[in-house]
Amino acid sequence: MSSTSEVFAAMSEAVAGNGGKSLQRKFKGKVVFTINGDNVYSLDLSSPTDCKVAEGDIFDGKADLQVLCTEEVMGKMINKEIQPQQAFMKGMLKIKGKMNLAMKLTAVLAATRKKLPTSKL
């Protein structure tokens, strides 16, 4: 399983360049991920020219969507063991904000999954 920092480093790669523009056309929003209550990452796909992932809440609480979960749940979503919608229904994932963006999280996770380092085993 990938660590939280590896996941968000891969997400940062996924939103860079043309991949970010493609995701931005689908997603168009600002998301704050809070992992284990203390690791906070921001995803900005609100502008096609400035798609980025940063550590901390760069939106000062004005994100379109807030996602709260544990590192274990984030790992399961990245590894396709559970869909974000299933995690939400089971209470493993907490969402605040625009529900239409939450439904599009799968696209962001799929793009992130492609950029994660693969095991050499």
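Chemist: Just to check I follow, could you spell out the pairing of strand S1 (residues 30-35) for this structure?
Modeler: For a regular strand, the rule is simple: side chains alternate between the two faces of the sheet. Of all 6 residues that make up S1, 5 are buried, and the element is covered over most of its length. When S1 meets strand S2 (residues 39-44), the two strands line up antiparallel, connected through 6 bridges. Note that in S2 the partner of Val31 across the bridge is Leu43. Counting the residues between successive antiparallel strands, the hairpin from S1 to S2 contains 3 residues, one of them, Asn36, with a positive phi of roughly 60 degrees. Across 5 bridges, the pairing between S1 and strand S4 (residues 65-69) is parallel. Paired with Val31 across the two strands is Leu65, which belongs to S4.

Chemist: What exactly am I supposed to notice about a positive patch on the surface here?
Modeler: Where like charges cluster on the molecular surface, the positive patch consists of Lys21, Arg25, Lys26 and Lys114. By residue number, the principal contributor to the positive patch is helix H2 (residues 17-27), which donates 3 residues.

Chemist: I tried to follow unusual backbone geometry on my own but got confused; where do I start?
Modeler: Trans is the common state for peptide bonds, and a negative phi is the common state for residues other than glycine. Phi is positive for Lys28, which is not a glycine, with a value near 50 degrees. Tracing the sequence through the fold places Lys28 in the loop between H2 and S1. A positive phi angle, close to 50 degrees, is found at Asp60, a residue other than glycine. In this structure, Asp60 sits in the loop between strand S3 (52-55) and S4.

Conventions and cut-offs
Residues numbered from 1 in each chain as written. Predicted model: local features only at pLDDT ≥ 70, side-chain atom pairs only at ≥ 80, totals over all residues. Heavy atoms only, no water. Buried < 20%, exposed > 50% of the residue type's maximum accessible area, 1.4 Å probe, protein only. Helix = DSSP H or I, 4+ residues; strand = E, 2+ residues; numbered from the N terminus. Pairing = 2+ DSSP bridges. Patch = residues over 30% accessible without salt bridge, like charges linked within 9 Å, V, L, I, M, F, W, Y side chains within 5 Å. Areas by Shrake-Rupley, 256 points an atom, 1.4 Å probe, with all protein chains shown as cover. Salt bridge = Lys/Arg side-chain N within 4 Å of Asp/Glu carboxyl O. Lys, Arg positive; Asp, Glu negative; His and termini not counted. Charge placed at Lys NZ, Arg CZ, Asp CG, Glu CD.

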